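Fold and contact review
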Amino acid sequence: MKAEDEQAFREFVTSQMASLRKLAYMTCGDWHAAEDAVANALVKLYPRWRKLDRPDLYVKTMVYRAAIDETRRPWRRERSAGDAMPDLALRDPADATDERMRLRAALDAVPARQRAAVVLRHYLGLSLEDTAGVLDCTVGTAKSQVSRGLAKLRESLAAERINLTGKPTEEWTNAVA
């Protein structure tokens, strides 16, 4: 290959690398396999470089096909013993993170419209009128959605034993003493 063709290929690769990696990742869902797919496609493109009118389209087709091939490789289908084990929900030893995760899980238990009403009203601090405007409903409906959402949230939080009063629980004060 001539020096000018080689330089043109380098410039092409530099300008297209990000989009080719994204295409490969979106095709196969794994960054490591995407990197391999792009590298394999570029290796195959190099000897054909001078013969192509539209190398950008050609290489995208090659990357797409290489990404699919990467997912078909036999070693990609092999699973480690750890993959077969179920994920266990363990409590985080850091209290703030643990409580945040449990609070998020309790919030996820609230139906979507009620959750939106609670978040708009109490987290973002909107008035009932503004909350109703965002939810595109009457003020009475917004009020009932907030009320029902809070009731469901309290129920979920009680099941998780999350203290929202800000006062130390008896367990905590006994543990410190």
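The paragraphs below set out a description of the structure included in this document. (Residues numbered from 1 in each chain as written. Predicted model: local features only at pLDDT ≥ 70, side-chain atom pairs only at ≥ 80, totals over all residues. Heavy atoms only, no water.)

All told, the structure shown has 5 salt bridges when counted by the stated rule. Arg21 is paired through a salt bridge with Glu35; the nearest N and O atoms lie 2.4 Å apart. Residue Arg21 is located in helix α1 (residues 3–28), and its partner Glu35 is located in helix α2 (residues 31–45); the two are separated by 14 residues in the primary sequence. Using a relative accessible area of 29% as the deciding quantity, one classes Arg21 as partly exposed. The partner of Glu155 in a salt bridge is Lys152, and the shortest N-O contact between them spans 3.9 Å. Taken together, the positions of Glu155 and Lys152, both in helix α9 (residues 139–160) and 3 residues apart, correspond to about one turn of that helix. By relative accessible area, Glu155 is classed as exposed at 51%. (Salt bridge = Lys/Arg side-chain N within 4 Å of Asp/Glu carboxyl O. Helix = DSSP H or I, 4+ residues; strand = E, 2+ residues; numbered from the N terminus. Buried < 20%, exposed > 50% of the residue type's maximum accessible area, 1.4 Å probe, protein only.)

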